[in-house]
Amino acid sequence: MFTQRFLKDKRGVNLAPSERAALENAISDVRQVPARTILLRAGQPVNASTLLVEGIMSRYIDDRNGLRQLVAVHVPGDFVDLHAFPLKVLEHDVATMTASTVAIIPHAALEDVLSEFPAMNRKLWFATLIDAAIHRAWLFRMGRLDAVGKVAHFLCETNARMVSAGLSDGRRFALDLTQADLAEICGLTTVHINRVLRQLRDEGLCVFRASVVELLDPERLSRRGQFDDGYLYNERAASAVSML
Amino acid sequence: MKKEGSVPQPETEPGIATAEQGFVILDGPDGVAVTMTPEAASLTGHSLMSAARLAHEQASAGNR
C-alpha cells in the first residue's frame, strides 16, 4: 500500500480504511525518480497530486542568478503539492533530494474520492495545514536560531516526522542527505555545517554519520534547537516513542 | 513575546569569529551565521572597526 504513511499517527485526524483504500485506488502511476530530479516547475499547470512514498524531496525557489532557496523538505507520507489541487499551479519548484518513489493521483480521481467521501475534504485540508505549520517553523528556525540551533531544530523536526511515518524509533533514523544538503536546508555553508555537526557530537547531543542520524540526547537537542513538536500534531511525541 | 516587543534592537553582545578549514566563521550576534574567506573577513573587520569609530564619534556628538 502506497498511502499507508499519509496522515499516519496524526492527532485529531484519522483516515478510515475505506478512505485510505479509495485514495490508494485513485493512484494512476507509481514512479521511481532518481535523486536531484525536478518533478514540478513553478508556473506550470498541475493536474495531479504527488504523494512521496519513499525518499526525501524539497520545494525551492530560485533567485535571479539561479541559486535556489529551499523552502520545504518532504518525508515519506507527505503530499508534496497538495496545495496545487485547488491552485492548479505552484509558485515554486519541487525536486527529489534522494532517489524517491512517488505515487501520482490525478486531480480528477481525487475529486471522485472527495465526492464519495466528503469527510476527506477536511482531512486533505488538515494535511495542508500541517504543511503550513511546518513552513512557519521553518521561518522561525531560519530567522531566530543560531547555527547550532538551526541544525538541532531541523534534525529534531525530521526525527518527529519520521516517527510519525514509522521510520524512526524516536532516536535513530536514516537520512540519505549530504552535509551540503543540510547546509542548504539550514542556510549555512558546508564548512559551518561540518563544525556544527562536530559540536553536536562533542556535546553528546546528536551524531549524523553514514546517512544515519542518531539523537544521543533528544531532550537536550530539542532544548538547543528550541523545538517543540506540537505543530506537527503527532499522536505520540518522539520522546515518548524513544522510551518504549 | 518579550515585553519590549520583537522589533530587532542593536546588539550589545559581540559576534564570535573563528577559523575553520581556511575560512572565517562568524557566529552571532542574534543568529548571524556567515562564512568568509580570510580576505573578506579582514576587509569586513577593518570596515567594522572604521564604522565603530565613527559611531562612537556620533554618539559622543549626540551627548554634547
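Data block above holds the structure.
Residues numbered from 1 in each chain as written. Chains lettered and ligands numbered in written order. Predicted model: local features only at pLDDT ≥ 70, side-chain atom pairs only at ≥ 80, totals over all residues. Heavy atoms only, no water.

Visitor: I tried to follow the side chain of A:Glu157 on my own but got confused; where do I start?
Guide: Residue and element names in this part refer to chain A. Mapping Glu-157 onto the fold places it in helix α5 (residues 147-164). Under the relative-accessibility criterion, Glu-157 is labelled buried at 2%. When near neighbours in sequence (up to four residues on either side) are disregarded, Glu-157 contacts Ile-134, Ala-137, Arg-141, Phe-227, Tyr-231 and Leu-232. (Helix = DSSP H or I, 4+ residues; strand = E, 2+ residues; numbered from the N terminus. Buried < 20%, exposed > 50% of the residue type's maximum accessible area, 1.4 Å probe, protein only. Contact = heavy atoms within 4.5 Å.)

Visitor: Hey, could you run me through the sheet that holds strand β7 (residues 100-106) of chain A in this one?
Guide: Paired through backbone hydrogen bonds, the strands of a sheet run either parallel or antiparallel to each other. Residues and elements named next belong to chain A. The 3 strands lie next to each other as β1-β7-β3, forming an open sheet whose pairing is antiparallel. Of all strands in the sheet, those bounded by a partner on one side alone are β1 (29-33) and β3 (48-54). Here the average twist between neighbouring strands, direction ignored, is 30°. Here β1 pairs with β7 via 5 bridges, running antiparallel. Considered in β7, the bridge of Val-33 is made with Ser-100. Against the sheet, helix α3 (residues 107-116) makes contact with β3 and β7, and its axis sits at roughly 65° relative to β7, the strand it touches most. (Pairing = 2+ DSSP bridges. Axes fitted to C-alpha atoms, helices over the stretch in contact; angles between N-to-C directions.)

Visitor: Please explain the pattern of salt bridges as it appears in this structure.
Guide: Close approach of charged atoms allows side chains of opposite charge to pair. Residues and elements named next belong to chain A. Taken as a whole, this structure holds 16 salt bridges over all chains when the rule is applied. The partner of Lys-8 in a salt bridge is Asp-9, with the nearest N and O atoms 3.5 Å apart. Judged by its relative accessible area of 27%, Asp-9 falls in the partly exposed class. With a shortest N-O distance of 2.8 Å, Asp-29 and Arg-31 are connected by a salt bridge. Using a relative accessible area of 42% as the deciding quantity, one classes Arg-31 as partly exposed. Taken together, the shared-partner salt bridges connect Asp-78, Arg-141, Glu-157 and Arg-161 into one network. (Salt bridge = Lys/Arg side-chain N within 4 Å of Asp/Glu carboxyl O.)

Visitor: Explain the sheet that holds strand β2 (residues 23-27) of chain B to me, please; I cannot follow it from the model alone.
Guide: Residue and element names in this part refer to chain B. Strand order in the open sheet formed by 3 strands is β1-β2-β3, with antiparallel pairing between adjacent strands. The two strands at the open ends of the sheet, each matched to only one other strand, are β1 (16-20) and β3 (33-36). With strand direction ignored, the average angle separating the axes of adjacent strands in the sheet is 20°. Packing of helix α1 (residues 38-63) onto the sheet brings it into contact with β2 and β3, and relative to β3 it is tilted by some 115°.

Visitor: Explain the interface of chain B and chain A here, please?
Guide: Accessible area lost upon the coming together of the parts is a frequently used measure of interface size. Counting residues at the interface gives 12 residues for chain B and 12 residues for chain A. Applying the counting rule to chain B against chain A returns 3 salt bridges. Two residues, A:Arg144 and B:Asp30, come together in a salt bridge whose shortest N-O distance is 3.3 Å. Counting across the chain B and chain A interface gives 7 residue pairs in polar contact (both at pLDDT 80 or more). Those elements that provide at least two residues to the side of chain B that touches chain A are β1, β2 and β3 of chain B. With 4 residues, β2(B) is the single largest residue contributor to the side of chain B that touches chain A. Of the residues assigned to the side of chain B that touches chain A, the class counts are 5 nonpolar, 4 polar and 3 charged. (Polar contact = N/O pair within 3.5 Å; in protein donor to acceptor, adjacent residues only side chain to side chain. Nonpolar A, V, L, I, M, F, W, Y, C, P; charged D, E, K, R; others polar.)

Visitor: Help me understand the environment of A:Lys123, please; the structure alone is not making it clear to me.
Guide: Residues and elements named next belong to chain A. Position of Lys-123 among the secondary structure elements: in helix α4 (residues 119-144). A relative accessible area of 15% places Lys-123 in the buried class. Between the alpha carbons of Lys-123 and Val-196 there is a distance of 38 Å; along the sequence they are 73 residues apart. In this structure, Lys-123 is in contact with Leu-7, Val-13, Asn-14, Leu-15, Ala-16 and Glu-19, ignoring residues within four places of it in sequence. For Lys-123, the side chain forms a polar contact with the side chain of Glu-19, separated by 2.7 Å.

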